[in-house]
Every structure is written in C-alpha cells, then in structure tokens.
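Here is how the chains run, residue by residue.
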Amino acid sequence: MLSHDQAIRLLGKDLQPRINSPWKVVILQCQLTILVTILTSLININFQVNDVVISLLCGSILGVLPNIMFIMRMQFNKSSHKRSAKSFVYTLVFAEFIKITFSLIIIFVVVRYVPQIKWFPFLGMFIITLQAHWLQGLNFKFLR
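Residues numbered from 1 in each chain as written. Predicted model: local features only at pLDDT ≥ 70, side-chain atom pairs only at ≥ 80, totals over all residues. Heavy atoms only, no water.

### Structural notes on the overall build of the protein chain
1) Next: Counting its secondary structure elements, the protein chain contains seven helices and zero strands.
2) Next: Across the 144 residues that make up the protein chain, the buried fraction comes to 29%.
3) Next: For the protein chain, the proportion of contacts with a sequence separation of at least 24, taken over those separated by at least 6, is 71%.
4) Next: Here the protein chain displays about 10100 Å² of accessible surface, and carbon together with sulfur accounts for 71% of that area. (Helix = DSSP H or I, 4+ residues; strand = E, 2+ residues; numbered from the N terminus. Buried < 20%, exposed > 50% of the residue type's maximum accessible area, 1.4 Å probe, protein only. Contact = heavy atoms within 4.5 Å. Areas by Shrake-Rupley, 256 points an atom, 1.4 Å probe, with all protein chains shown as cover.)

As structure tokens, then:
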C-alpha cells in the first residue's frame, strides 16, 4: 500500500494517472516510428545499407497494430466491464489473446513475404515501440 507522499510522487499532485487514454500511447508509438525512420534515413545516406527503412517500418507495424487491436477489443465491451469483474477479466484475456495472435501473424507475414528484412532494425524498432508505454508514463513535457 502506498503512503500519501508516495502516491503524490508516483501520480503527481492531483493524484491522477499520467496516461489518460491508451490512444496516446499509440500516437507516441507512431511519432517514435516517424522520428526513428527519419533519423535512420539520414544516417543511411552515408552508409548505404539497403532495406533498413523497410525493416524499421515492419518492426513498427509489429509494435503498433496489435496494440490497436487490443485497445479496440477492450473498448468494444466497455459498458459490460462496469457490471462484473468476470466480464472485465474475460475481455482482458481475450484482448490479450487477440494481440498475441495478431503479433504472431505479423511476424509470419514479414518472414514469409519480406525476404530483404534486416533483423536488427526490425526487432530494434519493435522494442522502441514497446518502450512507448514507459515513455508515456514518465510524463515528459514534450510528450503531452
């Protein structure tokens, strides 16, 4: 259990959560994708490594689309969450199942149909998009 002082340090003076909407995380993921893709493209001008941008965009898709599916599924039954905890847990587990399944499908499609994939940028961009959850929670001024 948190003390009042710990809660203020964690949530701020107004004791409100820092992430108000899950869509803000998706927007941040898209912003990170654009930023990293532009920076990589500028760096790639000197090094002339082929297919890095395609790998970055595929990694971004792997990070963003399953989150969108998860959020949409959770908001689909939003009214039933208030009625029972059982309904909320069922929706949560099913949304997570959809997210994992969709992630595996994207990985399969990328491996099968994008032969020029570079694994380091692909997985690196996926990890960067996953870290958007942490960055949004840190409440930086430029992320608002």
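### Quick notes on the side chain of glutamine 29
1) Next: Along the polypeptide, glutamine 29 turns up in helix α2 (residues 22-47).
2) Next: Note on glutamine 29: relative accessible area 0%, which makes it buried.
3) Next: Contact partners of glutamine 29, with chain neighbours within four places excluded, come to Gly63, Val64, Asn67, Thr129, Leu130, Ala132 and His133.

### A few points about the packing of helix α3 (residues 52-76) against helix α6 (residues 119-130)
1) Next: The contact between α3 and α6 brings their axes to 7 Å, and the two run at 40°. Helix-helix and strand crossings are classified by hand; for α3 and α6 the assignment is right-handed. Residues Val52, Ser55, Leu56, Cys58, Gly59, Ser60, Leu62, Gly63 and Val64 of α3 form the contact with α6, whose participating residues are Pro121, Phe122, Met125, Phe126 and Thr129.
2) Next: Along the lines of polarity and charge, the residues of the contact of α3 with α6 split into nine nonpolar, five polar and no charged. (Axes fitted to C-alpha atoms, helices over the stretch in contact; angles between N-to-C directions. Left-handed = near helix turned anticlockwise from the far one by under 90°. Nonpolar A, V, L, I, M, F, W, Y, C, P; charged D, E, K, R; others polar.)

### Quick word on the nonpolar core
1) Next: Within the largest apolar cluster, seven residues are counted, these being Cys58, Leu62, Ile106, Val110, Val114, Ile117 and Phe122.
2) Next: Elements with a minimum of two residues in this core: α3 and α5 (85-113).
3) Next: Beyond its immediate chain neighbours, meaning those up to four positions away, valine 110 contacts Cys58, Ile117 and Phe122. (Core = buried A, V, L, I, M, F, W, Y, C linked by side-chain atoms within 4.5 Å.)

### With respect to unusual backbone geometry
1) Next: For aspartate 51, which is not glycine, the phi torsion reads 70° and is therefore positive.
2) Next: Looking at the element boundaries, aspartate 51 is found in the loop between α2 and α3.

### Topic: a nonpolar patch on the surface
1) Next: A surface patch of nonpolar side chains, about 590 Å² in accessible area, is lined by Ile34, Leu35, Ile38, Leu39, Leu42 and Ile45.
2) Next: Take leucine 42: it is sitting in helix α2.
3) Next: A relative accessible area of 54% places leucine 42 in the exposed class. (Patch = residues over 30% accessible without salt bridge, like charges linked within 9 Å, V, L, I, M, F, W, Y side chains within 5 Å. Salt bridge = Lys/Arg side-chain N within 4 Å of Asp/Glu carboxyl O.)

### Observations concerning α5
1) Next: A rise of 1.5 Å per residue sets the reference length of α5, with its 29 residues, at 42 Å; its end C-alpha atoms lie 42 Å apart and thus fit the reference within 8%.
2) Next: Burial in α5 covers these residues: Thr91, Ala95, Ser103, Ile106 and Val110. (Expected span 1.5 Å × (residues − 1).)

### Looking at the side chain of threonine 91
1) Next: Structurally, the position occupied by threonine 91 is in helix α5.
2) Next: According to the relative accessible area criterion, threonine 91 is buried, its value standing at 1%.
3) Next: Within the local environment of threonine 91, its side chain forms a polar contact with the backbone oxygen of serine 87, the two atoms lying 2.9 Å apart. (Polar contact = N/O pair within 3.5 Å; in protein donor to acceptor, adjacent residues only side chain to side chain.)

### Considering the environment of phenylalanine 102
1) Next: Looking at the secondary structure, you find phenylalanine 102 in helix α5.
2) Next: With relative accessibility at 25%, the residue phenylalanine 102 sits in the partly exposed group.
3) Next: When the C-alpha positions of phenylalanine 102 and phenylalanine 70 are compared, they lie 9.6 Å apart, and in sequence the two are 32 residues distant.
4) Next: Once residues within four sequence positions are removed from consideration, phenylalanine 102 is found in contact with Leu65, Pro66 and Met69.

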